[in-house]
Amino acid sequence: MGTNEEVPWKALGGVIMNEERVKMKAQDPNVRNKNFEEVELGFTKEEALKEASRCLHCKIPKCVEGCPVNIMIPEFIAALKEDDVKKAYDVISETSSLPAICGRVCPQEKQCESKCVRGLKGEAVAIGSLERYVADEAIKNNFTTIIKVPKNKVTVAIVGSGPAGLTCAGDLAKAGFEVTIFEVLHKAGGVLTYGIPEFRLPKSIVENQVKSLKKLGVRIRTNIPVGNAITLDNLQQEFDAVFVGTGAGLPKFMGIEGEDADGVFSANEILTRINLMGGFREDAKTPIKHAKKAYVIGGGNVAMDAVRCLKRLGVDAHIMYRRGEDELPARQMEVHHAKEEGVQFDLLQNPVRILVDEQNNVTGMEVVNMELTEPGEDGRRSVREVEGSNHVVECDMVVMALGTGPNHEALKGSNIVLTEKNLIQVDENGTKTSLDNVYAGGDAVTGAATVILAMEAGKKAAKEIIERFKTV
Amino acid sequence: MYKILKNEKISPNSYLMEVVAPEAIRNALPGQFVIVMGKEDSERIPLTIYDYDTNKGILSLIYQVIGASTEELSTLTDEIFAVVGPLGKPNEICANPNEFKGKRIIYVAGGVGIAPVYPQVKYLKSKGFDIDIIYGSREKDLLLIRDKAEDVARKVFYTTDDGSFGEQGFVTTVLEREIHNYDICVAIGPVIMMKNVADVTRKYNMKTIVSMNPLMVDGSGMCGACRCEIEGKPKFACIDGPEFDGHQVNYELAMKRMNIYKEEEKEKWEQMKKSLGKH
């Protein structure tokens, strides 16, 4: 297990700075691949202060531009340097409702940290890790940011309690709106609850963030299938505004032979059984299919989550992806963690048929090798099958992680306009739908993307709703 | 939490539960279903709606004890953790009764399948339909809510495998004999029964609707566990169904897919029995 070695310190422009980024400690790969506890352990106070000292406090902070919700990063880090965690938390809370979640699951390397000036010559400041530290301290010490805005009596219904809905709810509640969230499942959080595994985002963290929204006065009504129990039209009549953040929850399948076998699952099913239903626990009431060897088909974050869950359940867990290592769409960190934990990567291969016995159990797959073509005019390399390379691999479980499509069950019976791609159509500002006072954002509008982009959309919609109902 | 008004045994292996769940039934139509969770850590169980009183907000369910989760359900007395609904699409005839005016409809129910058949017949009766039911089970004791069924149907034909009540034989025996009196068939029961009914009606080219009851987790289109093969294409019973054209269903596959978690479920039941024994 890698510990932090003595970091060289040196004076630069009157500021004491260490050059190397403080690495967050993690559970040993060979221990964590057998449990569902969090992989990364978070910063200690000393580590946080040391890392905070690396921030240069640029006059024009590029990192803020890189953050979809524009957290005032240098300000919160400055507060941290002064050892004022409460102030740091207040600064973050001004723009983000869910810092404990963002600090864990945002792809910071592509956002704030990619713009950090320190990254030009060395390593960027570990902004995500610092955010997580502040948020975790806030939870530990029960910090609350006091909101003094009076209630404005404007009511907003939010459909779906995923990252878009929760963020929108938080911002509106802070502005005095009366917010009610409708959720079809029995727990709030959407993909944060059913999708992202415990070892990457502990459910206690999600519950805590939901609780802090409730403290702001947000009502959360679970077990309500909008579209059936109550329609979008009903909500439009009963509330002053509606935000639709229903995500992209519909799993895709390949359409190949054998896909209806008893051992073939969507990644959503595996993840839902494990995360939402707690299926990984010994005494869980929701079963998970036993398997010896599983292939997860796909190379995105959902594929990594599913394969790492299976590994932890003692399965010989493989990723099969039709492109190469460089093309894996998952966060680098997730790929790295998966490899450390012993997940096998079978790249440039694709199943063409799932082999099934008489009882409909999976016995293997017929697989074809793939090769990358030369980059086309758009610079993108596509893939093609290598002729005559078909071969058979043995396995007893196949998990499809091929991406998800929008699930418009909640829109049933409404005239809301959809795009050609079957997504909710919004105006040029990106939030207003074709229906009066109905806004939308997140994966239901963009197609499957990331948690933070959904949060950004929720934030943007909240801003428009606040603007729309501003009393003159 | 939802209040339980009643949870009583109505046959050697079936229970009738009444819960206060106004939201789950406010916009419900026959053919739709709910998902219930006994306790916070329970499995999500899809159950067809048996009866509902929209004014009082009371939902009635009939369920069979077939494993650990339904066993747990049968032990509840005061409260149930979750009731989610209505889910799925309503029965096509109940959703558009005017389109089916004048059609002669026969319902075929097998075992606990009478539970979802009852509200459909009741609803269609209120829309002016005269409906007959063929209701079969293994033996007399497993025939449920006979008086209720007789209340709403014009005629109920009973069959039992052992001849202990009604005609001895299968529902298909009666169906073959009576089929010339009807235009449309709705069959709800064990998959094998629905398959056999569809085999009969196919010969007469009679429109047939069946209600599939595959494994489910969320019931909202998210997990794909409930996929059935309809006309050679995968469909999700939770959002595309649960009712489908009976002549387009791949029943063999549906039967095999019921067994996905057979081994694991058996273990869970053993585990539960053990832990109950300890207390």
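Thresholds applied
Starting from 1, residues in each chain are numbered consecutively following that chain's sequence as written. All chains are assigned letters beginning at A, and all ligands numbers beginning at 1, according to the order in which they are written. It should be noted that, the model being predicted, local features are given only for residues of pLDDT at least 70 and side-chain atom pairs only at 80 or more, the latter also being counted only at that level, while totals for whole chains, interfaces and linings use all residues. Remark: hydrogens and water are excluded; side-chain values derive from all non-hydrogen atoms of the structure. Start and end positions for the domains come from either an automated domain assignment or a database one. By the convention used here, residues are in contact when the closest approach between their heavy atoms is within 4.5 Å. Buried area: the sum, over both parts, of the accessible surface (1.4 Å probe) that disappears when the two are put together. We define a salt bridge as a side-chain nitrogen of Lys or Arg found within 4 Å of a carboxyl oxygen belonging to Asp or Glu. Whenever two N or O atoms come within 3.5 Å, that pair is a polar contact, provided that in protein one can donate a hydrogen and the other can accept it, and provided that, for residues adjacent in sequence, both atoms are side-chain atoms. Each Phe, Tyr or Trp ring, with Trp reduced to its six-membered ring, pairs with another whose centre is within 6.5 Å; inter-plane angles below 30 degrees give stacked pairs, above 60 give edge-to-face pairs, and intermediate values give tilted ones. The helix and strand labels rest on DSSP assignments: H or I over at least four residues marks a helix, E over at least two residues marks a strand, and numbering proceeds from the N terminus. For every residue, the accessible area obtained with a 1.4 Å probe (protein chains only) is divided by the maximum for its type, and the residue is called buried under 20%, exposed over 50%, and partly exposed between those limits. In this scheme, strands are said to pair when DSSP sees at least two bridges between them. Between the N-to-C directions of two axes lies an angle of 0 to 180 degrees, each axis being a line fitted to C-alpha atoms and, for a helix, fitted only over the stretch in contact. Classification used: nonpolar for Ala, Val, Leu, Ile, Met, Phe, Trp, Tyr, Cys and Pro, charged for Asp, Glu, Lys and Arg, polar for all others including Gly. For every residue, the predictor assigns a confidence score, pLDDT, that lies between 0 and 100.

1. Brief notes about the domain arrangement of chain A
Interface size is commonly expressed as the accessible area that is lost once the parts come together. All names here are of chain A. When its domains are assigned, chain A resolves into domain 1 (29–140), domain 2 (155–248 + 408–468) and domain 3 (251–404). Each of domain 1 and domain 3 was reduced to a C-alpha centroid, and the two centroids are 32 Å apart. Every contact between the two is made by 14 residues of domain 1 and, on the other side, 12 residues of domain 3. Summed over both partners, the interface of domain 1 with domain 3 comes to about 1,100 Å²; 51% of that surface belongs to carbon and sulfur atoms. Area buried by domain 1 at its contact with domain 3 is led by R32, N33 and F36, which between them contribute 52% of it. Between E340 and R32 there is a salt bridge whose closest N-O contact spans 2.7 Å. Where domain 1 packs against domain 3, one counts 8 residue pairs in polar contact (both at pLDDT 80 or more).

2. Observations concerning the domain arrangement of chain B
All names here are of chain B. Once the domains are mapped, chain B shows domain 1 (2–87) and domain 2 (92–211). Placing a centre on the C-alpha atoms of domain 1 and another on those of domain 2 gives a separation of 23 Å. The interface is formed by 14 residues belonging to domain 1 together with 15 residues belonging to domain 2. In total, about 1,300 Å² of surface goes out of reach between domain 1 and domain 2, with carbon and sulfur atoms giving 68% of it. Among the residues domain 1 hides against domain 2, the three largest losses belong to P30, Y50 and I62. Together they make up 40% of the total.

3. Focus: the packing of aromatic side chains
Under the criterion given, the structure shown has 11 aromatic pairs over all chains. Here the aromatic rings of F36(A) and F199(A) are separated by 6.0 Å at their centres, their planes lie at 55 degrees, and the arrangement is tilted. Of the two residues, F36(A) is situated in the loop between helix 1 (29–32) and helix 2 (45–52) and F199(A) in the loop between helix 11 (191–194) and helix 12 (203–215); the sequence distance between them amounts to 163 residues. The burial state of F36(A) is the same as that of F199(A); both residues are buried. Ring plane angle 75 degrees and centroid distance 5.1 Å describe the contact between Y158(B) and F165(B), whose orientation is recorded as edge-to-face.

4. As for the pairing of strand 13 (residues 362–372) of chain A
Residue and element names in this part refer to chain A. Summarising the sheet, strand 12 (residues 349–356) and strand 13 pair through 7 bridges and their orientation is antiparallel. Pairing of L355 across the sheet is with G364, part of strand 13. Where strand 12 hands over to strand 13, the hairpin turn is made up of 5 residues, of which N360 adopts a positive phi near 75 degrees. Relative to strand 14 (residues 383–385), strand 13 is paired through 3 bridges, and the arrangement is antiparallel. What sits directly across from M370, in strand 14, is E385.

5. Overview of the sheet that holds strand 17 (residues 243–245) of chain B
Strand pairing in a sheet relies on backbone hydrogen bonds. The paired strands run either parallel or antiparallel. Residue and element names in this part refer to chain B. Pairing within the open sheet is mixed, and its 7 strands lie in the order 12-11-10-9-13-14-17. At either margin of the open sheet sits one strand with a lone partner, and together these are strand 12 (167–168) and strand 17. The pairing of strand 14 (residues 207–211) with strand 17 spans 3 bridges and is classified as antiparallel. Across the sheet, the residue bridging to S211 is E243, located in strand 17. Contacts from helix 4 (residues 114–126) reach strand 9 (105–110), strand 10 (132–137), strand 13 (184–188) and strand 17 within the one sheet, and its direction differs from that of strand 9 by about 160 degrees.

6. Here's the deal with the interface of chain B and chain A
Each partner contributes residues to the interface: chain B has 45 residues there, and chain A has 43 residues. Carbon and sulfur atoms make up 52% of the area that chain B and chain A hide from each other, which totals about 3,800 Å². Seen at the junction of chain B and chain A, the total is 4 salt bridges. Here chain B and chain A share 22 residue pairs in polar contact (both at pLDDT 80 or more) between them. At the level of elements, helix 1 (22–26), helix 2 (68–75), strand 8 (82–87), strand 15 (227–230), helix 8 (251–257) and helix 9 (262–278) of chain B are the ones that each hand at least two residues to the side of chain B that touches chain A. Partitioned by chemical class, the residues of the side of chain B that touches chain A number 17 nonpolar, 11 polar and 17 charged.

7. Here's the deal with the confidence of the model for chain A
Residues with a pLDDT of 70 or more make up 95% of chain A, whose mean pLDDT is 90. Long-range and interchain partners of residues 1–16 of chain A, a stretch whose pLDDT sits below 50, account for 24 contacts in this model, where long-range means more than four residues apart.

8. Considering the environment of G388(A)
All names here are of chain A. Relative to the elements of secondary structure, G388 occurs in the loop between strand 14 and strand 15 (391–394). G388 sits in the exposed class, given a relative accessible area of 78%. When the C-alpha positions of G388 and V368 are compared, they lie 8.1 Å apart, and in sequence the two are 20 residues distant.

9. Some remarks on the pattern of salt bridges
If you walk through the whole model with that rule in mind, you get 43 salt bridges over all chains. In this structure, E51(A) and R54(A) form a salt bridge, with 2.8 Å as the shortest nitrogen-oxygen distance. Judged by relative accessible area, E51(A) falls into the buried class, the value being 0%. Assessed through its relative accessible area of 0%, R54(A) is described here as buried. Linking K148(B) and D51(B) is a salt bridge whose minimum nitrogen-to-oxygen distance equals 3.9 Å. Taken together, the residues K148(B) in helix 5 (residues 146–152) and D51(B) in strand 5 (residues 51–53) connect sequence positions 97 residues apart.

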